[in-house]
Structures are given as C-alpha cells and as structure tokens.
Amino acid sequence: MEEEKLKVLYKKSMDHNYLVADLPGEDYEDYRLEMILENDVAGLLKASVRMNEGRRRIYYEISSMQPLGRIFEHKEIKREDAAQILRGVVDVFKSIREYMLSEGGLILDPEYLFVDPESLRPMVLYMPWKTAGMQERLLVLMEYLMEHTDPNDAQSALWTYRLYKAAKNENCVLGDIEKLVAKQPLPGSEDRLQDTESISVMDSAPGDSVMKLTDIYTDEEEEEENERRQGLLTRIFGSRSKNTQKKEENKASKKSGQKVAVPLGGRKREFKEEAADKEEEGSLPDFSEAFADMEKLESTGEDYGKTVFVGQTDAPLENLLVEKGKGRQYRINSFPFTIGKVKNCVDLPLSDSSVSRIHARIFSQNGHVYIQDCHSTNGTYINGVQLEAEEQVMLEKEDEIGIGKVKFNYM
C-alpha cells in the first residue's frame, strides 16, 4: 500500500533545513492549519507559512532529522527499532487528538516520516488538507516494516506480522496497536503456541513441535486479500531473500565484466549450495526450513557498515575517496554509501565537528555515480559549489567533495 507521491521541495537556510509544500490555494484557511502553526504539538514537525516565489507555502523544520526510508536503506529493521518507531507514532496519534486534529493529515510514508538517526524518535509531517483514516495511515507504515524486517530473525517477523494483522482489522482501534507494541516483543515458544488469536497450530502433527508458516496465514478474509498478503509475507519468509537475489545479481555482473559491489566492513559471507528455485513457485516452506537458504554471516566482531580503510594499496584506483591533506583512502565497496558522524548509521564516520550525523550519500544510478546532500548543517560541496538540500550531482573522477570542512577527491 503506497501513498500518493507528495509534491514537495527541500530548502536550506543558514543552519536550518526545511521540507516545503504549496498550500492548496492562496486563500486556504483551516483551523487545523492554525493549530499546527500556533502550537508546539508533540511529535509533529514544526511548521510556518511563508511567501516564496510569489506563492504561499508551508515550511516544515527537518533539521538534524532523516527520512525513515534512508536510515534503513541498506540494513534490515530489528524488532527493537520497529517498536521504538511505533511507540512514537502511537504517541503522535494521541497528541493530535488534544488539538482536535484529524488523523488523515498524518503522513506516515517512510520517505516523509522523519526520525532522529540515533534514537529513531519520529517527527511526523502533518498536512491538514490530506484526508484518510487512521487505519489507512498505519497500514502504509506497517507494510514497510514487514518488508524490511530482518529475515534472519523469525520471531521479529512474526511480531511485525501480528501488528500488520491488527492494523488490517476493520475494527482496529489505536489501543490494539498500543497493546502489541507494549507487549514483550519476543514471547517464548510456549506463549506463541497458546496465542491462538494470532497463530493456529491445528495443522501440526502429533508430537511435532514445528510450527508451519501456513498456520500463520490462515484467515477468514476474502481470497483476493489472502493472495495479496501471501505476496507480502513471501518477501519476508520466502526461500529467496533480498541478499540471495543480490548475490545472483553480482554473479551476473561478474560474467558481464562489470564491477561487483562487496559488502562493507570486511565481513565474509558463506552461502549454502542448495538452489532456492527448487521450491515450487508460490509455495511456502515449513517454519523450520523457511530461513535455511539465507546467507550466514561469520562473527567478526565488526559493526555493520564499518568503513574499510584502504591505506596504501596496489588495488586499482576506482571508487575511492582520498582525504585531502592526509592521503587516507576509503574504498566505496557498495552503494548507497553514506557519510556522517554516527558510526552505527553511516559507512564512513567522520569525527569533525562540521560534519552532520548523516551528512551525505553516494549512490549509483543508470551506470553513473551521484552524491546527494542529506539535510546537512554545514553543507556538501562539489568543486567548491554547495549543494541544495537533497540535491543530487553526478560525480566525475578527481572531483573535490567537501563534507563540511573535510575534503576528499573522488577517484
């Protein structure tokens, strides 16, 4: 379920970043607009109305925050992350009721749901002229969480499915979601078997303690809805994970002579030899085998996304960042590649005070490499020219990149 693409701009002013949208009309007035302009509503982005380029526009303060979709661009969502995000969203639903604000104005699309990169505390975009129900808004976020849940963590996937199922219920109330979020996210196996509201084990053979995925999907909803739901869950539990597909893409790239992206952090991966396509299309494996063909990671003690320091090497100079004045080289092993201050959120952590927590990202598109400013405070520069917030510029070899006061050459 996707929301309609919003028509928004991103503006930088001194040390502030804004998401900017046109109001529905020059004379648009609404008590809800006045509410968010005159009050500091907990959990909502602060808003102000200004004249810009002859238009009356609403400015939302997004400084020091990042869209949820960017935070989890190349890593899976853990159960505790999802719980933290949902607790914040539930609190927002509660807080807007104190100001008589309708739930339809909340935008929970991950592209526009801004969070603190470290705490994951959400700050929600509120557009009074948008109309939708609480259930419709929640389902957009729930489906995103399901699709990005760590596929190696079966219980986390089950937990997010329960949340999705609760939100999908036509009689869903906010209290239902709140109770599930407040519950112990990782119940024991005995608790799971007793929870007949969410999981049925009627099809289990006597003495068989293995729970089947098909038991989870059993529901009395219409067949068409079940097929759509199965498609969602297959992407989480199916025998072909995102990482497996990426492996196959890399193999194809090798055959064609193209550069193959290698995961950051020097971590090695082992793959089982069984072909995933032995599973019949559309079928779901037993719970005990659902994750059998997923990639296994060796324990190296290294943090996810840790930058590889290349130093002096005989490797070809390709997709390297060479720090000016120091000569240190950092290889861009895979895209997207993020630069910033928070070690567990970026691929290249920089300690300089001029660098924002998530400052910029480098990504590949249509065979070219681009750099994008991520609402940084002190700016991202290409050959001395500052990028606008969210602006994307194609990189050429030997371009000078400025990340705040830290400068690199792209090789």
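You'll find the structure just up there.
Undergrad: Please give an account of the overall build of the protein that cites residues and values.
TA: Looking only at helices and strands, one finds 10 helices and 22 strands in the protein. Across the 411 residues that make up the protein, the buried fraction comes to 49%. Of the contacts made within the protein by residues no fewer than 6 positions apart, 62% connect residues no fewer than 24 positions apart. Total accessible area on the protein is roughly 21300 Å²; 46% of this is exposed by carbon and sulfur atoms.

Undergrad: Kindly report on helix H4 (residues 134-147), identifying the contributing residues and their values.
TA: With 14 residues, H4 should reach 20 Å at 1.5 Å per residue; the first-to-last C-alpha distance of 20 Å fits that figure. The element H4 is largely enclosed, with a buried count of 11 among its 14 residues. Listed as buried for H4 are Met134, Arg137, Leu138, Leu139, Val140, Leu141, Met142, Glu143, Tyr144, Leu145 and Met146.

Undergrad: Mind laying out the packing of helix H5 (residues 154-168) against helix H6 (residues 174-182), listing which residues take part and the relevant values?
TA: Contact geometry of H5 with H6 gives a least axis separation of 9 Å together with a crossing angle of 170 degrees. In terms of orientation, H5 lies roughly antiparallel with respect to H6. Of H6, the residues touching H5 (which contributes Trp159, Arg162, Leu163, Ala166 and Ala167) are Ile177, Leu180 and Val181.

Undergrad: Could you give me a rundown of the pairing of strand S16 (residues 358-365), with the residues and numbers involved?
TA: By the criterion of burial, S16 is predominantly enclosed, with six of the eight residues buried. One ladder, built from four bridges, connects strand S14 (residues 337-340) with S16; its direction is antiparallel. Paired with Phe337 across the two strands is Ile362, which belongs to S16. Two elements, S16 and strand S17 (residues 368-373), share six bridges in a ladder whose sense is antiparallel. Residue pairing across strands places Arg361 opposite Gln372, the latter belonging to S17.

Undergrad: Describe the pattern of salt bridges, naming the residues involved and giving the relevant values.
TA: Applying the stated criterion to the full structure yields 17 salt bridges. Note that Glu118 and Arg357 form a salt bridge whose closest N and O atoms lie 3.0 Å from each other. One end of the pair, Glu118, is in the loop between strand S7 (114-115) and strand S8 (122-123); the other, Arg357, is in the loop between strand S15 (348-349) and S16, with 239 residues separating them in the sequence. Overall, Glu118 belongs to the exposed group, its relative accessible area being 52%. What you see here is one network of salt bridges that share partners, running through Asp22, Glu53, Arg55 and Arg57.

Undergrad: Run through the packing of aromatic side chains, naming residues and quoting values.
TA: Under the counting rule described, the total for this entry stands at five aromatic pairs. Considering the side-chain rings of Tyr18 and Tyr59, the 5.6 Å spacing of their centres and the 70 degrees angle between planes classify their relative orientation as edge-to-face. Placement of Tyr18 in strand S2 (residues 16-22) and of Tyr59 in strand S4 (residues 55-61) is noted, with a sequence separation of 41 residues between them. Tyr59 matches Tyr18 in its accessibility class, with the two residues each being buried. Aromatic side chains Tyr28 and Trp129 sit 6.0 Å apart centroid to centroid with 85 degrees between the ring planes, which places their arrangement in the edge-to-face category. Of the two residues, Tyr28 is situated in the loop between S2 and helix H1 (31-38) and Trp129 in the loop between strand S9 (125-126) and H4; the sequence distance between them amounts to 101 residues. You can call Tyr28 buried: its relative accessible area is 14%. The exposure class of Trp129 is partly exposed, given its relative accessible area of 22%. Note that Arg50 overlies the ring of Tyr18, its terminal NZ or CZ placed 4.7 Å from the centroid. Its guanidinium or amino end placed over the ring of Tyr59, Arg50 lies 4.5 Å from that ring's centre, counting from NZ or CZ.

Undergrad: Tell me what's going on with the sheet that holds S8, and back it up with residues and numbers.
TA: Pairing within the open sheet is antiparallel, and its three strands lie in the order S5-S7-S8. Either end of the sheet is taken by a strand with one partner, and the two such strands are strand S5 (66-67) and S8.

Undergrad: So what's going on with the side chain of Glu390? Residues and values would help.
TA: For Glu390, the location among the structural elements is in the loop between strand S19 (385-386) and strand S20 (392-394). Of note is the side chain of Glu390, whose polar atom sits 2.9 Å from the side chain of Arg70. Side-chain polar atoms of Glu390 contact the side chain of Gln372, separated by 2.8 Å. Discounting chain neighbours no more than four positions away, the residues touching Glu390 are Tyr10, Arg70, Gln372, Asp373 and His375.

Undergrad: Could you give an account of the sheet that holds S16, with specific residues and numbers?
TA: By way of backbone hydrogen bonds, the strands of a sheet pair with one another, either parallel or antiparallel. Read across the open sheet, the five strands follow the order S15-S14-S16-S17-S20; overall the sheet is mixed. The two strands at the open ends of the sheet, each matched to only one other strand, are S15 and S20.

Undergrad: Explain the nonpolar core residue by residue, including any values.
TA: Membership of the largest hydrophobic core comes to 69 residues, with the highest contact counts inside it found for Leu19, Leu44, Leu125 and Ile177. Ranked by residue count, the leading element in this core is helix H3 (residues 79-97), at nine residues. In this structure, Phe337, Val355, Ile382 and Tyr410 belong to the second largest nonpolar core, which totals 20 residues.

Conventions we followed
Residues numbered from 1 in each chain as written. Predicted model: local features only at pLDDT ≥ 70, side-chain atom pairs only at ≥ 80, totals over all residues. Heavy atoms only, no water. Helix = DSSP H or I, 4+ residues; strand = E, 2+ residues; numbered from the N terminus. Buried < 20%, exposed > 50% of the residue type's maximum accessible area, 1.4 Å probe, protein only. Contact = heavy atoms within 4.5 Å. Areas by Shrake-Rupley, 256 points an atom, 1.4 Å probe, with all protein chains shown as cover. Expected span 1.5 Å × (residues − 1). Axes fitted to C-alpha atoms, helices over the stretch in contact; angles between N-to-C directions. Parallel < 35°, antiparallel > 145°, perpendicular 65-115°, else oblique. Pairing = 2+ DSSP bridges. Salt bridge = Lys/Arg side-chain N within 4 Å of Asp/Glu carboxyl O. Phe/Tyr/Trp six-rings, centres within 6.5 Å; stacked < 30°, edge-to-face > 60°. Lys NZ or Arg CZ within 6 Å of the ring centre and 35° of its normal. Polar contact = N/O pair within 3.5 Å; in protein donor to acceptor, adjacent residues only side chain to side chain. Core = buried A, V, L, I, M, F, W, Y, C linked by side-chain atoms within 4.5 Å.

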